[in-house]
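Listed here are the chains, written in short residue letters.
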Amino acid sequence: MSATVTLTGIVCNKCHFKVAEVLDGCPSCGSESIEKVELKPTGHIDSFTVVHVGFGHMAERAPYVLAIVQTEENVKLTTVIEGVSDFASVKIGDQVRLKTIDEKIGPIFQY
Ligand SMILES: [Zn+2]
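Everything numeric here is computed off the predicted structure, so don't read it as measured data. (Residues numbered from 1 in each chain as written. Predicted model: local features only at pLDDT ≥ 70, side-chain atom pairs only at ≥ 80, totals over all residues.)

A. Highlighting the overall build of the chain. Along the chain, the regular secondary structure elements total zero helices and eight strands. Shown N-terminal to C-terminal, the secondary structure of the chain runs as helices and strands in the order β-β-β-β-β-β-β-β. Relative to the compact-globule value of 13 Å for 111 residues, the chain shows a C-alpha radius of gyration of 15 Å, a close match. For the chain, the spread of C-alpha atoms along the principal axes amounts to about 45 × 30 × 25 Å. By the burial criterion, 23% of the 111 residues in the chain qualify as buried. (Helix = DSSP H or I, 4+ residues; strand = E, 2+ residues; numbered from the N terminus. Rg over C-alpha atoms; globule rule 2.2 N^0.38 Å. Buried ≥ 20, exposed ≤ 12 C-beta atoms within 10 Å, placed from the backbone.)

Structure below.
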């Protein structure tokens, strides 16, 4: 994939909370004084599960790894981890990086 993929989020100007989504306000303090930021595209797996039955547009993707990734900036996001051939090898703490942004799914990470 392209090396120009960037993870976009917002940062709150009041409490400096960062989120990996583009929202109208800060989900931490409620401030509307926010701005878009480019987030670091690397982090680790904080939690994960293997989804064997996907729904809707995710159905044909199953089985897949659905994970909560914590980026280097301590931003947590729910994401799919691609390129996993052995699900038993996936561990909490594994280093992952942004692969692409899917139109329907959002950020997709990989090892
Ligand atoms: Zn805030």
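B. Spotlight on the pairing of strand E5 (residues 64–71). Direction of pairing for strand E4 (residues 42–51) relative to E5: antiparallel, over a ladder of eight bridges. Counterpart to Thr 49 in the pairing with E5 is Leu 66. With antiparallel pairing between neighbouring strands as the criterion, E5 and strand E6 (residues 76–82) make up a hairpin whose turn holds four residues, including Asn 74 at a positive phi of roughly 65°. (Pairing = 2+ DSSP bridges.)

C. Main features of the UniProt feature "domain: ChsH2 C-terminal OB-fold" (unreviewed entry) in the chain. As recorded in UniProt, the feature "domain: ChsH2 C-terminal OB-fold" (unreviewed entry) lies at residues 37–99. The span residues 37–99 shows a helical share of 0% and a strand share of 52%, and its end C-alpha atoms are spaced 18 Å apart. (UniProt positions renumbered as here; feature names shortened; annotations may be inferred.)

D. Here's a closer look at the sheet that holds strand E8 (residues 106–110). The mixed closed barrel is built from five strands, whose spatial order is E4-E5-E6-E8-E7. Pairwise comparison of adjacent strand axes, ignoring direction, gives a mean angle of 50° for this sheet. (Axes fitted to C-alpha atoms, helices over the stretch in contact; angles between N-to-C directions.)

E. Representation of the nonpolar core. Of all hydrophobic cores here, the largest spans 14 residues; its most connected members are Ala 20, Ile 45, Ala 67, Val 69, Ile 81, Val 96 and Phe 109. Among the elements that take part in this core, E6 stands out by supplying three residues, more than any other. (Core = buried A, V, L, I, M, F, W, Y, C linked by C-beta atoms within 7 Å.)

F. View of the pairing of E4. Relative to strand E7 (residues 95–102), E4 runs antiparallel, the two sharing three bridges. Across the sheet, Gly 43 pairs through a bridge with Val 96, a residue of E7.

G. Spatial organisation of unusual backbone geometry. Of note, the bond from Ala 62 into Pro 63 is cis; its omega dihedral lies within 30 degrees of zero at -5°. Mapping Pro 63 onto the fold places it in the loop between E4 and E5. Its identity as a non-glycine residue notwithstanding, His 16 has a phi of 70°, on the positive side. If you trace the backbone, His 16 turns up in the loop between strand E1 (7–12) and strand E2 (18–19).

H. Structural detail: the environment of Pro 107. Looking at where Pro 107 falls in the secondary structure, it is placed in strand E8. Those residues in contact with Pro 107 that lie beyond four places of it in its chain are Leu 7, Ala 20, Leu 77, Thr 79, Leu 98 and Ile 101. (Contact = placed C-beta atoms within 7 Å.)

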